[in-house]
Number of protein chains: 2
Amino acid sequence: MTKTAAIIGGGVIGGGWAARFALNGWNARVFDPDRQAARKIGEVMANARRSLPGLTDVALPAEGAITFHDSIHEAVEGAAWIQESVPERLDIKHKTFGAIQQACDPAAVIGSSTSGFKPSELQQGAARPEQIMVAHPFNPVYLLPLVELVPGNGIDGPMVDRAKEILTGLGMYPLHLKKEIDAHVADRFLEAVWREALWLVKDGIATTEEIDNAIRYGFGIRWAQMGLFETYRVAGGEAGMKHFMAQFGPCLQWPWTKLTDVPEFTEELVDLIAGQSDAQSGAHSIRELERIRDNNLVTMMRGLKAQDWGAGALLNAQEKAMRSATALGARAADLPADAPVLTARRTVPLDWTDYNGHMTESRYLHAFADATDRFMEIIGCDAAYIASGGSYFTAETHIRHLDEVHAGAVIEIRTRVMEGAGKKMHLFHEMTEGDRLLATGEHFLLHVSLETRKPSAPSAGIEAALRRFAEAHAALPAPDGAGRHIGAPR
Amino acid sequence: MTKTAAIIGGGVIGGGWAARFALNGWNARVFDPDRQAARKIGEVMANARRSLPGLTDVALPAEGAITFHDSIHEAVEGAAWIQESVPERLDIKHKTFGAIQQACDPAAVIGSSTSGFKPSELQQGAARPEQIMVAHPFNPVYLLPLVELVPGNGIDGPMVDRAKEILTGLGMYPLHLKKEIDAHVADRFLEAVWREALWLVKDGIATTEEIDNAIRYGFGIRWAQMGLFETYRVAGGEAGMKHFMAQFGPCLQWPWTKLTDVPEFTEELVDLIAGQSDAQSGAHSIRELERIRDNNLVTMMRGLKAQDWGAGALLNAQEKAMRSATALGARAADLPADAPVLTARRTVPLDWTDYNGHMTESRYLHAFADATDRFMEIIGCDAAYIASGGSYFTAETHIRHLDEVHAGAVIEIRTRVMEGAGKKMHLFHEMTEGDRLLATGEHFLLHVSLETRKPSAPSAGIEAALRRFAEAHAALPAPDGAGRHIGAPR
């Protein structure tokens, strides 16, 4: 049976909750007096639909319905989860809980998106305080897993367990805080950083852009995978967390912290932190953690490279400079046609390998496809030409996996033109590491109009450049394995 | 000509610098009185070699040499860059600069890895203060691009430009700070967060693990791509940065900030920040920034999923639960063999698409390879079997790209066994979106011993399960396109 969530308050946060529930197969009933609520939630939902369902490698259940309701009563009736995301004023929240509890199932969870209030404050004057808890999400709610779950006093175990189970089922991570505190945990950090950032901008030390770069090119990408303590555990090296704290401890007395209240660095505090850190990360040695960290950093940086953003945009700029300094930046006329063309010289990256460190199957095609792109660029089918509306699409691919290769190996790809005339381009790539032939990739491509997505003739310049290679390569001995079909005898 | 860098102090930071220089083709001369320096730097270098060179899609230049020297004089002579990473004590640093400047090229850059001292402090008493600047990197130095470059007073433009050019050539991002300040910029944030974290642990609000999770499942992954201000600009929504600050401003008066010194939220400060944010991000609308952010988050989260870490490990846990609730969790005996087997039902994720939103070439093979893995699991070649030492390796692949598909589309793959006997497994996958056939993938695999990496017989159970499908599927009409070779007539 489809479950129902009630979304009380439909801004960016409420809309994110609605999207998260609906895309996980729940019906979401929205109450928001704002006449723009349906439009705004529609926009959040459009963003969520394009990003959330592909996160997992299994399709989500069929989407639930998002409906809009004129009263809180109508929205909450029969709902198993009620999420309050109204403005951050305690009087408004109390009034909202009053209306919710008049009509809702006493067994339903009432979660509040509050970023600042403690559950005990929210529960004041409630008919059933034990039903109300903080469930503080992070924007974008449809993508980020964190929910700070603060049940407050008087909430029994089964209710909290049900809340955690529902949030986990939505792909979220309920961080169950056992003690209530103003602003919970994450926002205390955000607050501390925001405060510092305001000073830096105000004092003219750095601009907003410089501050963002200081974060995203450095500790931000580190924190994305290990957070603060595990990162420092690794930084402490073989000597471990205690050693790290011995180093870092005295810094707290340095000038820039004089204005603030710092806990005393007692042996008890050091032991407490070192002990918790052991419990958290002690299953891995520092060397293992370093490699895990590096795998994660490489993976994220290369992901951002594909998006041409942040640390990934820096890599693209570096690569462009490196390319123009090598033969990999040359154009057709500068390249001899009497031999296969060098179309790639690259190192197998960590994010291309399986848990054994071998390059995974689909990355062979990734490397061949990049080599095809490079060959296209050589014959003049470059970014400017593609922007003008023409390109080549791959229609057919044949790969022979001949040998394995590890992360860190430098591989090269050399490309022959088997046929190149009119719309057709038939390429044969050979991938090597030193003398070892690792794989061959045979590809049939058609030139297409990017507008009609149908085959079309390439420019005269491209056709001539392609023909030059096709004619010269036809004189070379036929490559081993070309024209094979699956199951053909060797 | 190979350029030379001198690395004075060879701990984790100095070692990271040595690795960054050497892997970018510089010779690195190390001075460190620690007898363990060569071993320690060797370990950093091993980590760097496996992770840095693959970051770009073009191979780095040939590796430079790392050599160890008995004196600062010998190390710095003729070096174009000298990097000081000795302990954070001003007297030690002054003594080190004295020795460096006795022997080094006056045109060389002397960078200090100090995280706390201002350049004016470092320059005190130096023979040529104008040569010394802060160049503060972040661990791991071989991967993270950020370097805070603080030239201090009296350093002329050309020297700073040369420093920036060298750092950029190493794939780093020099953040040139025009005013000196204790702890520069990034460490002020780290300090603020560290301080807050100590309180939270000390007061028993959260453990180190809970704090790390609060960071990496929420704002940490957000900051990895946009930092603080751009993230908030997006959060402010259509109303923009000023609106966001109007909302967030009052929070600074909330209880948890009472102990600290907060800048007054004047109109001037609001205008300053809003103006800088416009200059930084104004080229993109909020809607565009939202999509860029979501593309980045999806890409990083899916990258972490492949590493089974952080937010990606959460996705794997969610997926496992979803899988076991569908036919995609079933075993061979529970599946009818009289039709192709459903081996994938997934949504095309954002990180699988090109800038036009179409699924890229190599991801077709990625999806087919996952479907092959799923089929292997169905016939009993699952994680436990693989751990016992046997698996199937793909020897040959043939793909027909028949139609395009966008991010967000739900695709299915159905799999037929063309041959399945002894070591051989010949599969034919059909990928569809609804009624549209998008691609076919034909694959020839061999069962191998993971120890010898040579063909070997599968277990009797796997052979029987495979044979059952092979025999039943042989009765189905031959699929269109099977057995094709590239260039065969259609």
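Here, the structure is the one placed above.
What counts and what doesn't
Residues numbered from 1 in each chain as written. Chains lettered and ligands numbered in written order. Predicted model: local features only at pLDDT ≥ 70, side-chain atom pairs only at ≥ 80, totals over all residues. Heavy atoms only, no water. Contact = heavy atoms within 4.5 Å. Buried area = accessible area lost by both parts, 1.4 Å probe. Salt bridge = Lys/Arg side-chain N within 4 Å of Asp/Glu carboxyl O. Nonpolar A, V, L, I, M, F, W, Y, C, P; charged D, E, K, R; others polar. Pairing = 2+ DSSP bridges. Helix = DSSP H or I, 4+ residues; strand = E, 2+ residues; numbered from the N terminus. Axes fitted to C-alpha atoms, helices over the stretch in contact; angles between N-to-C directions. Parallel < 35°, antiparallel > 145°, perpendicular 65-115°, else oblique. Patch = residues over 30% accessible without salt bridge, like charges linked within 9 Å, V, L, I, M, F, W, Y side chains within 5 Å. Areas by Shrake-Rupley, 256 points an atom, 1.4 Å probe, with all protein chains shown as cover. Lys, Arg positive; Asp, Glu negative; His and termini not counted. Charge placed at Lys NZ, Arg CZ, Asp CG, Glu CD. Core = buried A, V, L, I, M, F, W, Y, C linked by side-chain atoms within 4.5 Å. Buried < 20%, exposed > 50% of the residue type's maximum accessible area, 1.4 Å probe, protein only. 1 Å grid on protein atoms, 1.4 Å probe; cavity = no way out; pocket = protein on both sides within 12 Å on 5 of 7 lines; lining within 4 Å. Points joined across faces, edges and corners; volume = space filled by probe spheres on them. Least-squares fit on C-alpha atoms with pLDDT ≥ 70 in both. Expected span 1.5 Å × (residues − 1). Arc of directions from axis to C-beta.

> Got a sec to walk through the interface of chain A and chain B? Specific residues and values, please.
Chain A puts 173 residues into the contact, and the matching count from chain B is 172 residues. Where chain A abuts chain B, roughly 17100 Å² becomes buried across the two surfaces, and 63% of that area is made up of carbon and sulfur atoms. Together, Arg50(A), Trp194(A) and Ile486(A) form the three largest contributors to the area buried by chain A at its contact with chain B, with a combined 5%. Arg302(A) serves as the salt-bridge partner of Asp57(B), at 3.0 Å between the closest nitrogen and oxygen. Partitioning the side of chain A that touches chain B into residue classes produces 86 nonpolar, 44 polar and 43 charged. Of the strand pairs in this sheet, strand S10 (residues 390–401) of chain A and strand S10 (residues 390–401) of chain B are connected by five bridges, and their pairing is antiparallel. Pairing of His398(A) across the sheet is with His398(B), part of S10(B).

> Any details on the packing of helix H12 (residues 286–307) of chain B against helix H13 (residues 311–324) of chain B? Residues and values, ideally.
Residue and element names in this part refer to chain B. Closest axis-to-axis distance for the H12/H13 pair is 7 Å, and the angle between their directions is 70°. It follows from the interaxial angle that H12 and H13 lie roughly perpendicular. On H13, the residues touching Met301, Leu304 and Lys305 of H12 are Ala311, Gly312, Ala313, Leu315, Asn316 and Glu319. Residue composition of the contact of H12 with H13, by class: five nonpolar, two polar and two charged.

> If you had to explain a negative patch on the surface to someone new, which residues and values would you point to?
On the surface, Glu130(A), Asp156(A), Asp161(A) and Glu165(A) cluster together into a negatively charged patch. On the secondary structure map, Asp161(A) appears in helix H6 (residues 157–169).

> Lay out the nonpolar core in plain terms, naming residues and giving numbers.
Counting 154 residues, the largest nonpolar core has Ile8(A), Ile82(A), Ile211(A), Ile8(B), Ile82(B) and Ile211(B) as the members making the most contacts within it. For Ile8(A), the contacting residues outside a window of four places in its chain are Phe31(A), Ile72(A), Ala75(A), Val76(A), Ile82(A), Gln83(A), Glu84(A), Ser85(A), Val86(A), Thr96(A) and Ile100(A). One finds Val348(A), Ala367(A), Val348(B) and Ala439(B) within the second-largest nonpolar core, a separate group that totals 34 residues.

> For empty space enclosed by the protein, give the residues involved together with the corresponding values.
As enumerated under the stated definition, the model contains two cavities of 30 Å³ or more in all. As a volume, the largest cavity reaches approximately 90 Å³. For the largest cavity, the lining is made up of 15 residues, of which Leu315(A), Gln318(A), Arg20(B), Leu52(B) and Leu55(B) are closest to its centre. Ranked by residue count, the leading element in the lining of the largest cavity is helix H13 (residues 310–324) of chain A, at four residues. Taken together, the residues of the lining of the largest cavity break down into 10 nonpolar, four polar and one charged. Approximately 80 Å³ is the volume attributed to the second largest cavity. Along the walls of the second largest cavity sit 13 residues, with Arg20(A), Leu52(A), Leu55(A), Leu315(B) and Gln318(B) positioned nearest its centre.

> Explain the relation of the copies chain A and chain B to me, using residue names and the numbers behind them.
For the pair chain A and chain B, the relating rotation is 180°, the translation along its axis is 0.0 Å, and the fit reaches an RMSD of 0.1 Å. The operation mapping one copy onto its partner corresponds to a two-fold rotation axis.

> Run through the sheet that holds strand S4 (residues 81–84) of chain A, naming residues and quoting values.
Residues and elements named next belong to chain A. Taken in spatial order, the eight strands line up as S3-S2-S1-S4-S5-S6-S7-S8 in an open sheet, and their pairing is mixed. Edge positions in the sheet fall to strand S3 (66–69) and strand S8 (173–176), since each has one partner strand and no second. Averaged over all pairs of adjacent strands, the angle between their axes in this sheet comes to 25°, without regard to strand direction. Both strand S1 (residues 4–8) and S4 contribute to a ladder of four bridges, which runs parallel. Within S4, the position partnered with Ala6 by the bridge is Ile82.

> So what's going on with helix H6 (residues 157–169) of chain B? Which residues, and what values?
All names here are of chain B. Helix length check: H6 (13 residues) gives 18 Å between terminal C-alpha atoms against 18 Å at 1.5 Å per residue, within 8%. The complete set of buried residues in H6 reads Met159, Val160, Ala163, Ile166 and Leu167. All buried residues of H6 project into a common sector of 125° when viewed along the axis, lining one side. Summarising the geometry of H6, the exposed residues directed more than 90 degrees from the buried face are Pro158 and Glu165. Residue Gly171 follows H6 closely and has a positive phi angle near 80°.

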